[in-house]
Amino acid sequence: MASLKYIFVTGGVMSGVGKGVAAASIAKILQAKGFSVTAIKIDPYVNVDAGTMNPTEHGEVFVLDDGMECDQDMGNYERFLNRSLSSANYMTTGSVYLSLINRERSLEFEGKCVEVVPHVPLEVIDRINTAAKKEKADIVIIEVGGTVGEYQNVLFLEAVRMIKAKRPEDVALVLVSYLPQQGAEGELKTKPTQYAVRTLNSAGLQPDVILARAGIALDKPRKEKIAFNCNLDNEAVISAPDVKSIYDVPLNFEHDNLSGILMKRLKLKPKKHDLKEWKAFVAKTHAVSKPVKVGIVGKYFASGEFVLADSYISVIEAVKHAAYAAGRIPEITWLNAGDFDPLGVGTKAAKDNLKLLKRYDGIIVPGGFGNRGVEGKISVIGYLREHKIPFFGLCYGMQLATIEFARNVAGLKGAHTTEVDKKAVHPVIDILPEQRQKMAQKDYGATMRLGAYPAVVDKGTHAYAAYKGSHFQTEGTKRRKEQKLQIPADELIVFERHRHRYEVNPVYVEKLIDKGLVFSGMSPDRRLMEIVELPKAKHPFFVAAQFHPEFTARPLAPHPLFVAFVKAAIAKKK
Ligand code: GLN
């Protein structure tokens, strides 16, 4: 068997220039050459996982099938590779130290002194190898978070050095570096990149490829300058200008023959050339001309537009995939939940703002936590329900849709979630007993209902029409067999990813059904409500899911519920 190949991706000069997309794109172009490729993210922070962080801190918390709460880059890997990854593919400084300390406490080191070097980097290497093995990978791409020269990723760079020292032919190092532009029309400056390479050199490392991220393309003199000063061939300096869509990046890299350069470096021969499907998808993204207007009601507005896009990245990408599949340009507008709250902005302003919702073809109320923005979101949902505007709720959005219905249709005044109102008269959304115990013990880390769970989808509903015949049905059937679930063979079953503590309170389910709410998806034991909707006769599209369909939406496999929502939005336009 050929030996495993490692491609490390590190960042230089500054963060936030698309290292994750670069790593995902490298994975994609090598996958297209016929290799089994997997991708790992290393985050330098001490948090054991991303689950305890506010999205304004570090962007969206992405969730994997096995319940791992991780960095949003894992979402990019899954979207580009079109495959699901596991917790083995993610680590943080905190998780590495935690397992090392646990091993020490259980005497695994047999009395030895456990030291930061070499034991921390060895633990990192061990994890990389375990993940690669689990994924049966020929090539593993490892993105090291942060930028070179930061104190916090020194030990990870040391891990790279240690692998490279032992098997130089199996390791390639890619530096994603930023080139600032001097003035609007000015030249790209290479000096910061040269310093970043010096920093890598002082860690005992030399990059094999430099991806020159910049607003514009790299010209020949600059390319040669970087190559000469950083000990590289000209061809190993790749121009990586800003592009319209992140999905263009793999094709851009191939323009400069990046896969060829990496394969040469790693002594690999391509097994096939297969970027066809991806190219077809990208061509579609460029060909669309008519828009579909989608509003997303968010609350993480405090730090501006950028933070919003980062906090809801999977939702945005899921809308894009569905819009492109329907031949439309996704036109997304951020709507501040607070603007619709009569107690916040006043009754008149809230009413006026609600009227503006008619401008959109469809509205999404995404996931969230806590009480801020909640009443505004509930007002929005009520307006969409009454005015028959397509609505799609995700997680908290589903819980709030249930509350809105309970209050305004089922006549349950004071209906609420106990997340916001502990003493709600009608706790239609409530915490599960096992969760209550965890909260009492302040056991917050990785204790929500996390990861993929099955749901049975009922016939004759929006959800059924969407899922029927989709890849979710195929996958659901496969997993049902693997997990030997006792569910009748003719039931449609789907697996979807979760991240929440609260649930529709079973006590109210019958009452809500009586009043016309449809629970079209439930856990196989029918205890947990997974999807709510209004009947087609009452509303063109009012659907909300307790899970997060956005986490399993992929460019080459758009999510059926997002597709159904976008279709309904287009139909409204007509
Ligand atoms: N706050 C809600 C809960 O914990 C919803 C979570 C979410 O939207 N991800 O159940």
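Residues numbered from 1 in each chain as written. Predicted model: local features only at pLDDT ≥ 70, side-chain atom pairs only at ≥ 80, totals over all residues. Heavy atoms only, no water.

- As recorded by an unreviewed UniProt entry, the protein chain carries the name CTP synthase (glutamine hydrolyzing) and is attributed to Candidatus Wolfebacteria bacterium GW2011_GWE2_44_13.
- Per its UniProt entry, the protein chain bears the Catalytic activity (unreviewed entry) comment "UTP + L-glutamine + ATP + H2O = CTP + L-glutamate + ADP + phosphate + 2 H(+)". (UniProt positions renumbered as here; feature names shortened; annotations may be inferred.)

1. Concerning the site of the ligand
Then, number 1: Near the ligand the following residues occur: Gly 367, Gly 368, Phe 369, Cys 395, Tyr 396, Gln 399, Glu 419, Arg 499, His 500, Arg 501, Tyr 502 and His 548.
Then, number 2: Tyr 396 places a main-chain nitrogen or oxygen 3.0 Å from an oxygen atom of the ligand.
Then, number 3: Take His 548: an N or O atom from its side chain is 3.2 Å from a nitrogen atom of the ligand.
Then, number 4: Here the ligand, which alone exposes 300 Å², has 98% of that area covered by the protein.
Then, number 5: Mapped onto the shell around the ligand, the elements with two or more residues apiece are α17 (396–408) and β17 (492–500).
Then, number 6: Across the shell around the ligand, the residue classes tally to 4 nonpolar, 5 polar and 3 charged. (Near = heavy atom within 4 Å. Polar contact = N/O pair within 3.5 Å; in protein donor to acceptor, adjacent residues only side chain to side chain. Areas by Shrake-Rupley, 256 points an atom, 1.4 Å probe, with all protein chains shown as cover. Helix = DSSP H or I, 4+ residues; strand = E, 2+ residues; numbered from the N terminus. Nonpolar A, V, L, I, M, F, W, Y, C, P; charged D, E, K, R; others polar.)

2. Digging into the environment of Lys 478
Then, number 1: Locating Lys 478 in the fold gives a position in helix α20 (residues 471–482).
Then, number 2: Judged by its relative accessible area of 46%, Lys 478 is partly exposed.
Then, number 3: When the C-alpha positions of Lys 478 and Lys 413 are compared, they lie 44 Å apart, and in sequence the two are 65 residues distant. (Buried < 20%, exposed > 50% of the residue type's maximum accessible area, 1.4 Å probe, protein only.)

3. Digging into unusual backbone geometry
Then, number 1: Omega for the bond connecting Val 117 with Pro 118 falls within 30 degrees of zero, at 15°, which places this linkage in the cis form.
Then, number 2: The phi dihedral of Val 13 falls on the positive side, at around 75°, and the residue is not glycine.
Then, number 3: Looking at the element boundaries, Val 13 is found in the loop between β1 (5–12) and α1 (19–31).

4. Considerations on the packing of helix α5 (residues 116–134) against helix α6 (residues 154–166)
Then, number 1: As a packed pair, α5 and α6 sit with axes 8 Å apart at the nearest point and diverge in direction by 75°. The pairing of α5 with α6 is recorded here as roughly perpendicular in orientation. Facing α5, whose interface residues are Val 116, Val 117, Pro 118, Val 120, Pro 121, Leu 122, Val 124 and Ile 125, α6 presents Leu 155, Phe 156, Glu 158, Ala 159, Met 162 and Ile 163.
Then, number 2: Residue classes in the contact of α5 with α6 are distributed as 13 nonpolar, no polar and 1 charged. (Axes fitted to C-alpha atoms, helices over the stretch in contact; angles between N-to-C directions. Parallel < 35°, antiparallel > 145°, perpendicular 65-115°, else oblique. Contact = heavy atoms within 4.5 Å.)

5. Describing the sheet that holds strand β13 (residues 391–394)
Then, number 1: Within the open sheet, the 9 strands sit side by side as β11-β10-β12-β13-β21-β20-β19-β16-β17. Their pairing is mixed. Of all the strands in the sheet, the pair left with one neighbour each is β11 (329–336) and β17. For this sheet, the mean inter-axis angle between neighbouring strands, taken without regard to orientation, is 25°.
Then, number 2: Taken strand by strand, helix α16 (residues 374–386) contacts β10 (291–298), β12 (362–365), β13 and β21 (542–545), and its axis lies near 145° from that of β12. (Pairing = 2+ DSSP bridges.)

6. As for the pairing of β1
A regular strand places its side chains so that they alternate between the two faces of the sheet.
Then, number 1: Counted residue by residue, β1 has 8 buried out of 8 residues, so it is predominantly covered.
Then, number 2: Every second residue of β1 is oriented toward a common face, with Lys 5, Ile 7, Val 9 and Gly 11 on one face and Tyr 6, Phe 8, Thr 10 and Gly 12 on the other, all of them buried.
Then, number 3: Bridging between β1 and strand β6 (residues 139–144) involves 5 bridges; their strand directions are parallel. Residue Tyr 6 lies in a different strand from β6, and its bridge partner there is Val 140.
Then, number 4: As judged from the 7 bridges shared by β1 and strand β7 (residues 171–178), these two strands associate in the parallel manner. Bridged to Ile 7 within β7 is Ala 172.

7. Observations concerning the sheet that holds β7
Then, number 1: Strand order in the open sheet made by the 7 strands is β5-β2-β6-β1-β7-β8-β9, with parallel pairing throughout. Two strands in the sheet have a free side with no partner beyond their single neighbour: β5 (90–92) and β9 (237–241). If you compare each strand with its neighbour and ignore which way they point, the axes differ by 20° on average.
Then, number 2: One ladder, built from 6 bridges, connects strand β2 (residues 37–43) with β6; its direction is parallel. For Val 37, the partnering residue across the bridge sits in β6 and is Ile 139.
Then, number 3: Strands in contact with α1 are β1, β2, β6, β7 and β8 (209–214); relative to β6, the strand with the most contacts, it is inclined by about 175°.
Then, number 4: Helix-sheet contacts for helix α4 (residues 93–105) involve β2 and β5, and the interaxial angle to β5 is about 85°.

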